[in-house]
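Structural description and commentary
This is what each chain is made of:
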Amino acid sequence: MNSKKPGFNTICTHLGEIKDEQFKGAVSPIYLSTSYAFEDVDVKRYPRYFNTPNQEALCKKIAALEKGESSLIFGSGMAAISTTLFAFLQKGDHIVLQRTLYGGTANLVNEEFEKYGIEFSYVDSQGIEGFKEKIKPNTKVIYIETPSNPLLTLTDIKAVADIAKQNDIVTMIDNTFASPVNQNPITLGIDIVLHSATKYLGGHSDILAGAVVATEAHIDKIFQVAKNFGGSLSDFTVWMLERSIKTLGIRVKRQNKTALKLAKWLKKHDDIAAVYYPGLSSHPDHELAKKQMKGFGGMLSFELKNGLDASTFQKELKLIKSSMSLAGVESTILSPHLTSHALLSEDERQLQGINDGLLRFSVGIEEKEDLVYDISQALEKTKILVLEHNI
């Protein structure tokens, strides 16, 4: 008789937990030691080797959520991304990346790869033909991010995975915006899944972490570089992240539901020029979103019209916080050109369609009605200030 596979929330809550054999506590104990015995032990444990008890347990949970074989956790999302890229790229290699990437990732590529003799090409279109055109004989990696940050454009995950396999190329995806709740790229053929665990996996704006999920063979290759780069995560943060993931499914499904309602409301608002959200039927990638996503996510972006200033609008918000990050239980908003994509040049931002009036909105778990009220009152106050300025 086959045992039943646990559901998503059961995995979040129970898989990878450490049993408290001594006191029978309901939650995993935390092991803060940085020094472990090396004689007469099965595993020589050391924090920088990603194998302390709490690190190992959490990696099992994250791997299961992304339907992968193995996982590693890092001190930040960029530590996970940079370590993984350098594990598969060396001097003379070439990587193909979509243009619409998180600003930190693009800055890493633009600032560091040339120093190491790594060639790179950006794909300006999300379509598969653009990726095909950029592939060279020395292409080793294709790197995508979908939905993209901050315009929520989508890339066909399976199509990219298929073309990469035909050319013996490793595929990587930043799955931060979707989270494992809404999208599992490994089931669509992607080799390596990356996360800024600071975001939805953490979900409370109090953890800095990164994660990578892949086959055991790929994770071992990443580990060989990771142990030298030293980007491991402290066990207290590991414990906090394991605790936070327990509510991942509940949080994200709530955020999905509210974000869709807000996107539809904003789309009809007289003071909103554009709304970017894959759950809208008007979104150019809506059909693809329905095909490869299980939920449309808690992230959306929008632009103001009628001469309303984005910065002034943000200052008038009372409930929604102007904040640098995203994916917490509290709703936050930011201007990408001043924050997430500030490291890019003006020309690079324009290539991605990121103008100074764009606002990226991370929907929290508050009631939709309260968020609507806050946006409405901020818009009204901004309009009054515009009138006063023009008088």
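You'll find the structure just up there.
An account of the accompanying structure is given in this report. Fair warning: this is a prediction, and the values are worked out from it, not measured in the lab.

Per the stated rule, a full pass over the model turns up 14 salt bridges. We note a salt bridge from R254 to E367, for which the minimum N-O separation is 3.5 Å. Taken together, the residues R254 in helix 10 (residues 248-268) and E367 in the loop between strand 12 (358-362) and helix 14 (368-390) connect sequence positions 113 residues apart. When its relative accessible area of 33% is taken as the criterion, R254 is described as partly exposed. The class of E367 is partly exposed, set by a relative accessible area of 43%.

What follows covers the packing of helix 3 (residues 77-88) against helix 8 (residues 216-229). Helix 8 packs onto helix 3 with a crossing angle of 115° between their chain directions and a minimal axis gap of 9 Å. Between helix 3 and helix 8, the angle falls in the class roughly perpendicular. Every pair of crossing elements has a handedness; the one defined by helix 3 and helix 8 is right-handed. Contact with helix 3, carried on its side by T83, T84, F86, A87 and F88, involves H218, K221, I222, V225, A226 and F229 of helix 8 and no other residues of that element. Among the residues forming the contact of helix 3 with helix 8, the class breakdown is seven nonpolar, three polar and one charged.

Turning next to the sheet that holds strand 2 (residues 94-98). Reading across from one edge, 1-7-6-5-4-2-3 is the order of the seven strands in this open sheet, with mixed pairing throughout. Two strands lie at the open edges of the sheet, namely strand 1 (70-74) and strand 3 (119-123), each paired on one side alone. Averaged over all pairs of adjacent strands, the angle between their axes in this sheet comes to 20°, without regard to strand direction. As paired elements, strand 6 (residues 192-196) and strand 7 (residues 210-214) share four bridges and run antiparallel to each other. Across the sheet, V193 pairs through a bridge with V213, a residue of strand 7. Relative to the sheet, helix 3 contacts strand 1, strand 2, strand 4 (139-145), strand 5 (170-174), strand 6 and strand 7, its axis offset from that of strand 6 by approximately 155°. Taken strand by strand, helix 8 contacts strand 1, strand 5, strand 6 and strand 7, and its axis lies near 25° from that of strand 1.

Assignment of secondary structure puts D124 in the loop between strand 3 and helix 5 (128-134). On the accessibility criterion, D124 (55% relative accessible area) is exposed. On a C-alpha basis, the gap between D124 and L351 in space is 8.1 Å, while along the polypeptide they are 227 residues apart. Of the polar contacts made by the side chain of D124, one reaches the side chain of R99; its length is 2.8 Å.

Here H286 is to be found in helix 11 (residues 286-292). If sequence neighbours within four positions are ignored, H286 has contacts with P278, G279, L280, S281 and F296.

Scanning the entire structure with this criterion turns up 13 aromatic pairs. Taking 6.5 Å as the distance between ring centres and 20° as the angle between the ring planes, the aromatic pair formed by F236 and W239 counts as stacked. Here F236 pairs with W239, and both are found in helix 9 (residues 235-245), just three residues apart, close to one helical turn. With a relative accessible area of 24%, W239 lands in the partly exposed category. Cluster of aromatic residues (ring-pair linked, three or more members): F86, F113, Y116, F120, Y122 and F229.

As a further point, take the packing of helix 10 against helix 14. At a closest axis distance of 10 Å, the pairing of helix 10 and helix 14 adopts a crossing angle of 35°. Crossing angle aside, the handedness with which helix 10 passes helix 14 is right-handed. Here T258, K261, L262, W265 and L266 of helix 10 come into contact with helix 14, specifically with K368, L371, V372, I375 and S376. Tallied by class, the residues present in the contact of helix 10 with helix 14 amount to six nonpolar, two polar and two charged.

Glancing now at helix 10. For helix 10, spanning 21 residues, the distance from its first C-alpha to its last is 31 Å, which sits close to the expected 30 Å at 1.5 Å a residue. Along helix 10, the residues that are buried comprise L248, G249, R251, V252, Q255, N256, T258, A259, L262, A263 and L266.

Rules of the game
- Residues numbered from 1 in each chain as written.
- Predicted model: local features only at pLDDT ≥ 70, side-chain atom pairs only at ≥ 80, totals over all residues.
- Heavy atoms only, no water.
- Salt bridge = Lys/Arg side-chain N within 4 Å of Asp/Glu carboxyl O.
- Helix = DSSP H or I, 4+ residues; strand = E, 2+ residues; numbered from the N terminus.
- Buried < 20%, exposed > 50% of the residue type's maximum accessible area, 1.4 Å probe, protein only.
- Axes fitted to C-alpha atoms, helices over the stretch in contact; angles between N-to-C directions.
- Parallel < 35°, antiparallel > 145°, perpendicular 65-115°, else oblique.
- Left-handed = near helix turned anticlockwise from the far one by under 90°.
- Contact = heavy atoms within 4.5 Å.
- Nonpolar A, V, L, I, M, F, W, Y, C, P; charged D, E, K, R; others polar.
- Pairing = 2+ DSSP bridges.
- Polar contact = N/O pair within 3.5 Å; in protein donor to acceptor, adjacent residues only side chain to side chain.
- Phe/Tyr/Trp six-rings, centres within 6.5 Å; stacked < 30°, edge-to-face > 60°.
- Expected span 1.5 Å × (residues − 1).

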